[in-house]
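Geometric and topological summary
What follows is the residue order along each chain.
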Amino acid sequence: MSIPNSFLFHISLYSGYSGRQKQQAAQKTGQESVFDKYLDVDRQRQKMRELPPGRMLDSVYMQFKDDYRAWKAQRPEAVLPDSQGWTEENLAFLRERYAGDLSSFEIYDALDTMKELGILSEKGLRCAEGTTMIRLDKKGGVFQTSVDPDSKAAWLHGFDEAPMVGFRSLDDILSWAKDFREDDWPDFITGAEAVARGWI
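Residues numbered from 1 in each chain as written. Predicted model: local features only at pLDDT ≥ 70, side-chain atom pairs only at ≥ 80, totals over all residues. Heavy atoms only, no water.

**Observations regarding the pattern of salt bridges**
Rules: We define a salt bridge as a side-chain nitrogen of Lys or Arg found within 4 Å of a carboxyl oxygen belonging to Asp or Glu. The way it works is that DSSP assigns letters per residue, a run of H or I at least four long becomes a helix, a run of E at least two long becomes a strand, and they are numbered from the N terminus. Categorising residues by exposure relies on relative accessible area from a 1.4 Å probe, with only protein chains included: less than 20% of the type maximum marks a residue as buried, more than 50% marks it as exposed, and the intermediate range marks it as partly exposed.
A complete count under the given rule lists 9 salt bridges for this structure. As a salt-bridge pair, Asp-42 and Arg-45 come within 2.9 Å of each other at their nearest N and O atoms. Placement of both Asp-42 and Arg-45 in helix H3 (residues 41-49) is noted, with a separation of 3 residues, approximately one turn of the helix. Of the residues examined, Asp-42 reaches a relative accessible area of 52% and is grouped as exposed.

Here it is in structure tokens:
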């Protein structure tokens, strides 16, 4: 498809926590990602086949968020500390609430709680969940993009590259959050820079 002169698009690559690093982390612990149910392309194909005619499958991210909201609705509301930022009080609260190995919903809940506590910005949360949108200005030339409609990329739309998919514990999340720099996730880049980064 041709890309318009200026548009928003999803960036699924994160140089600080690559797919290879996630794979190495999984090999170390002998575990797969706790998000595997959402990363299973065969499962996605089966779900699509089971839909009534004319219905479309939500994106993997939206499937996860819908399931998370249902899970969250069954949980008691947390009373957050009054402090904001990387305070001892906030860290103690997080460590008590999110101890041990976490489920996919607990990982997202911890990230969302960190945003509420001022440890992560809104942009930090979006980057962790892999939904960062940036504006690309093409300025000269037409870029062509093509994705095999049956490929993993077409089914997952980059969800498998979201940093949170590699997390298993609060320590993983805190380590990523400490290293997170908003400047590494630009809001605007030129077409030439996007090509140089291999994003288009």
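And the narrative resumes.
**Quick notes on helix H6 (residues 104-116)**
Just so we agree on the cut-off: In this scheme, a helix's expected span is set at 1.5 Å multiplied by one less than its residue total. Should any heavy atoms of two residues lie within 4.5 Å, those residues are considered in contact.
For H6, built from 13 residues, the straight-helix expectation of 18 Å at 1.5 Å per residue is met to within 8% by its first-to-last C-alpha distance of 19 Å. Structurally, H6 contributes buried residues whose contacts are with helix H2 (36-39), helix H4 (60-73), helix H5 (88-97), helix H7 (122-129) and helix H9 (170-179). Positioned one or two residues after H6, Gly-118 has a phi angle of 75°, which is positive.

**Observations regarding the environment of Pro-163**
With respect to the secondary-structure elements, Pro-163 resides in the loop between helix H8 (152-156) and H9. The class for Pro-163 is buried, based on a relative accessible area of 1%. Each C-alpha atom, one on Pro-163 and one on Trp-176, is 8.3 Å from the other, the two residues being 13 residues apart in sequence.

**Details of the packing of aromatic side chains**
Two measures describe an aromatic ring pair: the distance that separates the ring centres and the angle between the ring planes. Rule in force here: Centres within 6.5 Å are what make two rings of Phe, Tyr or Trp a pair, Trp counting through its six-membered ring; a difference in plane orientation under 30 degrees is then read as stacked, over 60 as edge-to-face, and the rest as tilted.
Under the definition given, this model contains 12 aromatic pairs. Between the aromatic rings of Tyr-68 and Trp-71, the centroid separation amounts to 5.8 Å while the plane-to-plane angle is 35°, which identifies the pairing as tilted. With Tyr-68 and Trp-71 both in helix H4 and 3 residues apart, this pair spans about one turn of that helix. One aromatic cluster in this structure is built from Phe-35, Tyr-38, Phe-64, Tyr-68, Trp-71, Phe-105, Tyr-108 and Phe-159.

Geometric descriptors of this kind do not, in isolation, establish any biological role.
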